[in-house]
Amino acid sequence: MTNPNAAQAECAVHAEGVAHRYGDHQALAGVDFSVGRGERRGFLGPNGSGKSTLFKLLATILPLGAGKVSVFGQDLAKDFAAIRRRIGVVFQSPALDRKLSVRENLTYGGHLQGMRGRALAARVDEMLAVGNLADRANDVVGTLSGGLRRRVEIAKGLLHAPDLVLLDEPSTGLDPSARQDLWAFLRAQQGLTVLFTTHLMEEAEEADRLTILDRGKVVAEGAPDDLRAELGGEVLQIHCADAEQLGHEVDALLGVQAQVLPGVVRVEHDHAHRLVAQVVDRFGDRLQRVSVAPPSLEDVFIARTGHRLGEEA
Ligand code: ADP
Ligand code: MG
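This structure is a prediction, so every number in the text was calculated from the model and none was measured. (Residues numbered from 1 in each chain as written. Chains lettered and ligands numbered in written order. Predicted model: local features only at pLDDT ≥ 70, side-chain atom pairs only at ≥ 80, totals over all residues. Heavy atoms only, no water.)

*Asks:* Would you mind showing me how to read empty space enclosed by the protein here?
*Replies:* Rolling a probe over the atoms, with the probe sized like a water molecule, indicates the empty space that remains. A full pass over the atoms with the stated rule returns one cavity of 30 Å³ or more. Quantified by volume, the largest cavity comes out at close to 40 Å³. If you go around the largest cavity, the residues you meet are Val13, Leu58, Val71, Ile83, Ile87, Leu164, Leu166 and Leu195. Partitioning the lining of the largest cavity into residue classes produces eight nonpolar, no polar and no charged. (1 Å grid on protein atoms, 1.4 Å probe; cavity = no way out; pocket = protein on both sides within 12 Å on 5 of 7 lines; lining within 4 Å. Points joined across faces, edges and corners; volume = space filled by probe spheres on them. Nonpolar A, V, L, I, M, F, W, Y, C, P; charged D, E, K, R; others polar.)

Given below as structure tokens:
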């Protein structure tokens, strides 16, 4: 009914079959996703799952070899000059000049975007105010805390008023309060489409929707609450030294299919809290700790991949 090209134009980003190899290593193995305009989309995955590679492709730092990406309806492979003007990028590794002041860094960033003169100076002032950085404008970046530096980077990435920002691990090196400040700032940017990567479950909660990556593939996608709700019920975790053996015994005792991870037996169950007494009675001193909780995003990840988010790919 609707023309697929028109539907893609409604998206901020539409990606199909995006793949990338470094030599023999397949870092991305065919990734598909669509991000709506104004959406905050998180890409959650362990180290090595391909997040930074994906963002380098989207930022046109790496050439797109396989797959198709459109950004605001324009083809990334053909129209990247036009697309680049509409996106701001903040990479995982810091890209500020530590010897220059905050204002100088922003001004320099503006020059790279083709901004000049009074318009640039006014925009720098505006971003200093929005980023709560005005009183630090003349401080040398090297003297700032990690949280402040990260805010300067993000202010620099937003200087040319992009419609979309790519933030690779935005809270690297930030303490929890600086991370909250950063997200309050991002949430206040009306209409801005935000794509960010993270390996932190708490940060993934900032997303409207999440694309969960593992070993270069999408393993789940949805709003954080919906992803958790799909698991349903509760998660019983039994921490013990002999997880492999205990897993079998738990299956037999409870009539379930427990999942065994290093040092933990996991059971998804509608009423997991009712199983605790049986487990403690039966296994007593073999247990280190037993917990029951609603499913977390880590549980979603484990359910889809069979391993933990904290493990390297
Ligand atoms: P993430 O950002 O999720 O940690 P990356 O995209 O950085 O993942 O890396 C994905 C995989 O590609 C990893 O196995 C990593 O070691 C590998 N890789 C990343 N960059 C390079 C590179 N320049 N050369 C070779 N391998 C790379
Ligand atoms: Mg990375």
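Picking up where we left off.
*Asks:* Any chance you could explain the site of ligand 1 here in plain terms?
*Replies:* The local shell around ligand 1 consists of Tyr22, His25, Ala27, Pro46, Asn47, Gly48, Ser49, Gly50, Lys51, Ser52 and Thr53. A distance of 3.2 Å is found between an oxygen atom of ligand 1 and a backbone nitrogen or oxygen belonging to Ser49. Contact distances for ligand 1 include 2.9 Å between an oxygen atom and a backbone N or O atom of Ser52. In isolation ligand 1 exposes 560 Å². Once the protein is present, 61% of that is buried. When contributions to the shell around ligand 1 are tallied by element, the ones reaching two or more residues are strand S2 (25-36) and helix H2 (51-58). It is H2 that contributes the most residues to the shell around ligand 1, three residues altogether. The residue inventory of the shell around ligand 1, partitioned by class, reads three nonpolar, seven polar and one charged. (Near = heavy atom within 4 Å. Polar contact = N/O pair within 3.5 Å; in protein donor to acceptor, adjacent residues only side chain to side chain. Areas by Shrake-Rupley, 256 points an atom, 1.4 Å probe, with all protein chains shown as cover. Helix = DSSP H or I, 4+ residues; strand = E, 2+ residues; numbered from the N terminus.)

*Asks:* Is there a simple way to think about the layout of surface pockets in this case?
*Replies:* Quantified by volume, the largest pocket comes out at close to 470 Å³. Lining the largest pocket are 19 residues; nearest its centre among them are Gly88, Val89, Phe91, Gln113 and Lys156. Looking at the lining of the largest pocket, the elements that each hand over two or more residues are helix H3 (80-86), strand S6 (87-90), helix H4 (102-112) and helix H6 (146-158). For the lining of the largest pocket, the element with the highest residue contribution is S6, accounting for four residues. Broken down by class, the residue content of the lining of the largest pocket amounts to nine nonpolar, six polar and four charged. Taken domain by domain, the lining of the largest pocket gets at least three of its residues from each of domain 1 (1-86 + 163-175 + 198-229) and domain 2 (88-161). (Domains from an automatic or database assignment.)

*Asks:* Any chance you could explain the packing of aromatic side chains here in plain terms?
*Replies:* In this description, a pair of aromatic rings is defined by centroid distance and the angle of the planes. Counted by the stated rule, this structure contains three aromatic pairs. Plain terms: the ring middles of Phe43 and Phe55 are 5.6 Å apart, the flat faces sit at 80° to each other, and that makes the pair edge-to-face. Taken together, the residues span a long stretch of sequence, with Phe43 in strand S3 (residues 40-44) and Phe55 in helix H2 at a distance of 12 residues. Among the residues examined, Phe43 registers a relative accessible area of 0% and is labelled buried. Plain terms: the ring middles of Trp183 and Phe196 are 4.6 Å apart, the flat faces sit at 65° to each other, and that makes the pair edge-to-face. Here Trp183, found in helix H7 (residues 176-187), pairs with Phe196, found in strand S8 (residues 193-198); they are 13 residues apart in sequence, far enough to count as distant. Under the relative-accessibility criterion, Trp183 is labelled buried at 1%. Using a relative accessible area of 0% as the deciding quantity, one classes Phe196 as buried. (Phe/Tyr/Trp six-rings, centres within 6.5 Å; stacked < 30°, edge-to-face > 60°. Buried < 20%, exposed > 50% of the residue type's maximum accessible area, 1.4 Å probe, protein only.)

*Asks:* Sorry, what's going on with the packing of H4 against helix H5 (residues 117-130) here?
*Replies:* It is the contact of H4 with H5, at a shortest axis distance of 10 Å, that shows an interaxial angle of 130°. Judged by the inter-axis angle, H4 sits oblique to H5. The way H4 lies across H5 gives a crossing that is right-handed. Residue-level inspection shows Val102, Arg103, Leu106, Thr107, Gly110 and His111 of H4 in contact with H5, the latter providing Leu120, Val124, Asp125 and Leu128. (Axes fitted to C-alpha atoms, helices over the stretch in contact; angles between N-to-C directions. Parallel < 35°, antiparallel > 145°, perpendicular 65-115°, else oblique. Left-handed = near helix turned anticlockwise from the far one by under 90°. Contact = heavy atoms within 4.5 Å.)

*Asks:* Looking at this structure, I do not really get the sheet that holds strand S12 (residues 259-261). What am I missing?
*Replies:* Two strands in a sheet stick together by hydrogen bonds in their backbones, pointing the same way (parallel) or opposite ways (antiparallel). Judged by pairing direction, the sheet is antiparallel, and its four strands sit side by side in the order S12-S13-S11-S14 without closing on themselves. Two strands lie at the open edges of the sheet, namely S12 and strand S14 (287-293), each paired on one side alone. Across the sheet, the mean angle from the axis of one strand to that of its neighbour is 20°, orientation sign disregarded. Sheet analysis places S12 next to strand S13 (residues 264-269), joined by three bridges and oriented antiparallel. The partner of Val260 across the bridge, within S13, is Val265. Helix-sheet contacts for helix H11 (residues 276-283) involve strand S11 (234-240) and S14, and the interaxial angle to S14 is about 175°. (Pairing = 2+ DSSP bridges.)

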